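Structural characterization, general
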Amino acid sequence: MRRRAAHGLHLEARAGEGVTVTAEFTVTADHQGAPGLAHGGVLATALDETLGSLNWLLRVIAVTGRLETDFLRPVPVGTVLHLEAAVTAVHGRKLYSTAVGRIGGPEGPVAVRADALFIEVKVDHFIDNGRPEEIRAAMSDPDQLRRARAFEVNP
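Remember, it's a predicted structure, so these values are computed and weren't measured experimentally.

1. A short note on the nonpolar core
Within the largest apolar cluster, 27 residues are counted, with the highest numbers of intra-cluster contacts made by L11, F25, L43, L51, V75, L81 and L83. Broken down by secondary-structure element, the contributors of at least two residues to this core are β2 (20–26), α1 (40–57), β4 (80–91), β5 (94–103) and β6 (110–120). Ranked by residue count, the leading element in this core is α1, at six residues. The residues contacting L51, other than those within four sequence positions of it, are L67, A85, S97, T98, A99, A114, A116 and F118.

The following block contains the structure:
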């Protein structure tokens, strides 16, 4: 069972046509940086989460290797940020993607955009580098690790 952080993004991505996803993120007072505006780090996190969702469409476990973010206009608290992301290239273990965040609707002005490089990893990356107590908690279901290993499409 996935826990939802009370002040988290609560962002859910939906698959689009091809290798694309869309998502919506409502900026709340908990996401505030400057008074009345979204914190840039939170916006970068929303972009990273949306871009990371693309990896599921490719059935690849991957981690962010680079995230280059451009902040084009302020995003006020209370805004729904409409996010779109797409894979632009795959080269070996490297997955390249791009995303935009628009305010005022899916066709609204672009407020933020990002280009990312994700690197494909094996599930052992998390086992070897994560905190043991959290890994044990995540693996409380005896079949979860087996399922995760079976998910790897490029062993």
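2. A few points about unusual backbone geometry
For R59, which is not glycine, the phi dihedral falls at a positive 55 degrees. Counting through the fold element by element, R59 comes out in the loop between α1 and β3 (62–71). Of the residues examined, R59 reaches a relative accessible area of 44% and is grouped as partly exposed.

3. Some thoughts on the pairing of β5
Burial of the side chains of β5 is restricted to one face: L95, S97, A99, G101 and I103 are buried, whereas none of K94, Y96, T98, V100 and R102 on the reverse face is. Bridge count for β4 against β5 is 10 bridges, and the pairing is antiparallel. By the bridge assignment for β5, H82 is matched with R102. Between the antiparallel neighbours β4 and β5 lie two residues, among them G92 with a positive phi of about 60 degrees. Examined bridge by bridge, β5 and β6 share nine bridges and lie antiparallel to one another. Bridge pairing in β6 links L95 to F118.

Criteria and cut-off values
Residues numbered from 1 in each chain as written. Predicted model: local features only at pLDDT ≥ 70, side-chain atom pairs only at ≥ 80, totals over all residues. Heavy atoms only, no water. Core = buried A, V, L, I, M, F, W, Y, C linked by side-chain atoms within 4.5 Å. Buried < 20%, exposed > 50% of the residue type's maximum accessible area, 1.4 Å probe, protein only. Helix = DSSP H or I, 4+ residues; strand = E, 2+ residues; numbered from the N terminus. Contact = heavy atoms within 4.5 Å. Pairing = 2+ DSSP bridges.

It is worth stressing that arrangement in space is one thing and function is another; only the former is reported here.
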